[in-house]
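Chain residues, written in single-letter form:
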Amino acid sequence: MKHGLAPEQIVGWQGVSLRVPPDWSVTGFQGDAKEGYLRIDSPGSLVAEVRWAQARKAVDVRKRLDAYLNLVERQAKKRKVTFTGRIKPSEDWEGALEFNYRADRKVRGFIRQCPQCRRVVIAQVSGDKDDAVVNVANQLLDTLQDHSEDGWWTWALLGLVVRLPERFALVKSQVMSGYLLLQFRSRYTEVSVERWGLADVTLKRWTLAEWALQATEWKRLKRQYTQGDVKQHPAVQLVGRRLAPTVWLRRKIERLVLRRPEEVRGVVWHCEPSNRIYSVRVERGAEELLGQIIDSVQCH
Amino acid sequence: MLHFVQHDKRVPVILSGAKNLGVAMVRDASLTLSMTAGDCHSERSEESRCSNRCGCFANAQHDMTGKQGWTVTFCRDFVGATERVPPYAREMSVREFIGKFIPAVKPKPVLSRQEALTAIPIRNPLLEWERTEEGELLLKVPVEQRSLVIRWAIAAFRLPPVRHIQLDEVGAAVWELCDGEHTVESIVQQMCKRTRMSRREVEASVSMFLKMLADRRLVAFKRGGKKKA
Ligand SMILES: [Zn+2]
Ligand SMILES: [Zn+2]
């Protein structure tokens with residue numbers, strides 16, 4: 001029986017993206033763009049996992065898959081679980097291989113190397129005995145993309161969706177209940193995207209501007225602000241500079257010698273429908289970039 | 001997020017500031033709750049153990065087979081005991097202790113996530129509480145002191161006979177749902193609607209919050225049925 005899963009929620013990490021049902025959530029990630037891992041859990045026992053590795057030239061995917069399945073088999077043996085597996089060439093993707101195996105859990109997935117970006121991706125969906133693993137895997141893994149067409153990567157988890165140029169590497173992340181932070185860097189430009197939950201509780205005591213100035217990173221900066229609208233939400237626009245004397249001196253010299261911008265620009269807005277506060281901050285980057293990033297955020 | 005501020009006229013202890021209160025999401029969030037329920041499990045195996053110590057489940061009616069679930073009643077000493085034994089002072093097994101530094105050694109929680117979600121939190125019946133005007137909630141924890149010197153000191157300095165613990169708006173909402181009828185799952189669902197946060201975020205926060213309450217013996221868990229609430 002095939003039933004619709006409605007994979008509507010986009011999950012994006014390090015250039016890999018796929019669509020999952022709205023109640024699934026990212027529960028783990030590791031590594032970087034070169035090599036990494038992403039795990040998405042359903043509310044039940046189904047789990048989607050993606051592992052990627054950047055390669056320079058064509059690799060033998062069969063060899064990699066064998067190595068992976070051997071590892072799984074060895075682990076299953078250790079736990080005294082019988083392992084059965086099957087590999088067949090994919091019908092949709094040239095050179096890709098599909099696999100099914102069963103140890104303590106049922107698993108269906110594929111391995112492929114993208115001819116364009118040369119990324120090798122293993123993606124799989126696993127579940128318990130009575131889960132419709134094959135059906136779910138077919139629907140979710142169909143939506144998997146290993147690179148973006150327009151040079152902008154989608155970073156999306158737990159309902160936060162933001163797009164950044166590929167050159168920005170993730171340098172810091174905090175994924176907590178009620179608070180999300182993704183921080184990126186490309187050469188000297190830094191971008192931070194933050195999201196807070198429970199805006200109604202926060203804004204009972206503070207106005208948005210007060211809160212933005214006193215409870216966020218902006219409190220460390222020498223800044224000015226104006227109030228306005230973003231995405232039809234009340235917003236505070238801020239421009240500022242770092243205060244620390246060493247940073248200040250270095251930035252001044254860079255500004256004079258290398259003509260690099262030293263400003264920090266950002267917007268903090270309150271999205272009422274989702275009861276959240278969003279903040280995007282660009283340090284030492286073009287003003288235009290800030291606008292583009294804010295446009296890409298899907299806040300509600 | 002979920003504020004949990006311990007009000008004591010003598011020393012106000014802030015257990016968690018708003019920002020630190022976030023719970024890391026990229027590990028199994030329900031694990032924290034499983035551990036709590038697991039703790040109760042491990043304590044119930046030595047029935048006599050609590051009588052002179054934390055007293056937490058001294059009068060618990062345990063079902064040792066664990067198949068039919070277990071119920072908890074609170075002993076009279078319950079609250080006084082909280083006062084004497086600071087949170088986390090429960091004896092730690094060697095394995096738990098090493099597990100703090102080497103996660104691989106950490107003992108596995110006894111309950112699965114599903115079991116943890118069907119657990120039913122119950123408030124300590126010896127507590128009183130009231131709503132403040134701001135929608136917060138003030139728990140009154142009776143202070144029972146056995147030491148004569150401290151009792152004398154309390155009388156001499158006219159210290160309050162109760163200790164206050166303040167829960168913020170969201171914490172208060174969870175507290176009110178701990179009525180012995182709602183499972184953790186249904187509390188999570190209701191808080192999802194109320195806070196408009198994602199389910200995973202709410203599950204992590206609520207689990208963590210309930211664990212904090214349980215560590216202070218303000219709530220206990222009763223094992224629920226098999227099916228989801
Ligand atoms: Zn590609
Ligand atoms: Zn919005």
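Preceding this paragraph is the structure being described.
Note that the structure is predicted; figures quoted are calculated from it, not measured. (Residues numbered from 1 in each chain as written. Chains lettered and ligands numbered in written order. Predicted model: local features only at pLDDT ≥ 70, side-chain atom pairs only at ≥ 80, totals over all residues. Heavy atoms only, no water.)

A. Representation of the overall build of chain B in the model. For chain B, the helix and strand inventory stands at eight helices and seven strands. By the burial criterion, 50% of the 229 residues in chain B qualify as buried. Contacts in chain B between residues at least 24 apart in sequence constitute 69% of all its contacts with a sequence separation of at least 6. (Helix = DSSP H or I, 4+ residues; strand = E, 2+ residues; numbered from the N terminus. Buried < 20%, exposed > 50% of the residue type's maximum accessible area, 1.4 Å probe, protein only. Contact = heavy atoms within 4.5 Å.)

B. Summary view of unusual backbone geometry. All names here are of chain A. For L198, which is not glycine, the phi dihedral falls at a positive 55°. Tracing the backbone shows L198 in the loop between β14 (189–196) and α3 (199–205). By relative accessible area, which is 6% here, L198 ends up buried.

C. Representation of the coordination of the zinc ion (ligand 2) in the model. All names here are of chain A. Summarising the metal site, the zinc ion (ligand 2) is bound by the protein donors H233 (NE2), C271 (SG), C299 (SG) and H300 (ND1), whose distances to it range over 1.9 to 2.3 Å. One way to put it: the four donor atoms around the zinc ion (ligand 2) meet at angles of 102 to 114°, and that makes the site tetrahedral. In the primary structure, the donors to the zinc ion (ligand 2) are separated according to the pattern H-x37-C-x27-C-H. Taken together, the residues C271 in strand β17 (residues 264–271) and H300 in the segment after α6 (287–296) connect sequence positions 29 residues apart. You can call H300 exposed: its relative accessible area is 59%. (Donors = N, O, S within 2.8 Å, 3.2 Å for Na, K, Ca; no water. Tetrahedral: all angles 85-135°; square planar, octahedral: opposite > 155°, others 65-115°.)

D. Inspection of the coordination of the zinc ion (ligand 1) at higher detail. All names here are of chain A. Around the zinc ion (ligand 1), the protein contributes the donor atoms C114 (SG), C117 (SG), D146 (OD) and H147 (ND1), at 1.8 to 2.2 Å from the metal centre. Coordination at the zinc ion (ligand 1) comes from four donor atoms whose angles at the metal span 88 to 123°, giving a geometry best classed as tetrahedral. On the primary sequence, the residues serving as donors to the zinc ion (ligand 1) are separated as C-x2-C-x28-D-H. A residue pair is termed long-range when its members are at least 10 positions apart, and C114 in the loop between β8 (106–113) and β9 (119–127) and D146 in the loop between α2 (133–141) and β10 (152–157) qualify at 32 residues.

E. Main features of the pairing of strand β6 (residues 162–167) of chain B. Residues and elements named next belong to chain B. By the criterion of burial, β6 is predominantly enclosed, with five of the six residues buried. Summarising the sheet, strand β5 (residues 137–142) and β6 pair through six bridges and their orientation is antiparallel. Bridging across to β6, K140 finds its partner in H164. (Pairing = 2+ DSSP bridges.)

F. Geometry of the interface of chain B and chain A. The interface is formed by 20 residues belonging to chain B together with 25 residues belonging to chain A. The contact between chain B and chain A buries some 2,000 Å² in all, and 50% of this surface belongs to carbon and sulfur atoms. Between the two partners, chain B and chain A, sit zero salt bridges. Where chain B touches chain A, the interface holds three residue pairs in polar contact (both at pLDDT 80 or more). Residue assignment for the side of chain B that touches chain A shows that the elements contributing at least two residues are α6 (169–177) and α8 (199–215) of chain B. Sorting elements by how many residues they give to the side of chain B that touches chain A places α8 of chain B first, with four residues. The residue inventory of the side of chain B that touches chain A, partitioned by class, reads eight nonpolar, four polar and eight charged. (Buried area = accessible area lost by both parts, 1.4 Å probe. Salt bridge = Lys/Arg side-chain N within 4 Å of Asp/Glu carboxyl O. Polar contact = N/O pair within 3.5 Å; in protein donor to acceptor, adjacent residues only side chain to side chain. Nonpolar A, V, L, I, M, F, W, Y, C, P; charged D, E, K, R; others polar.)

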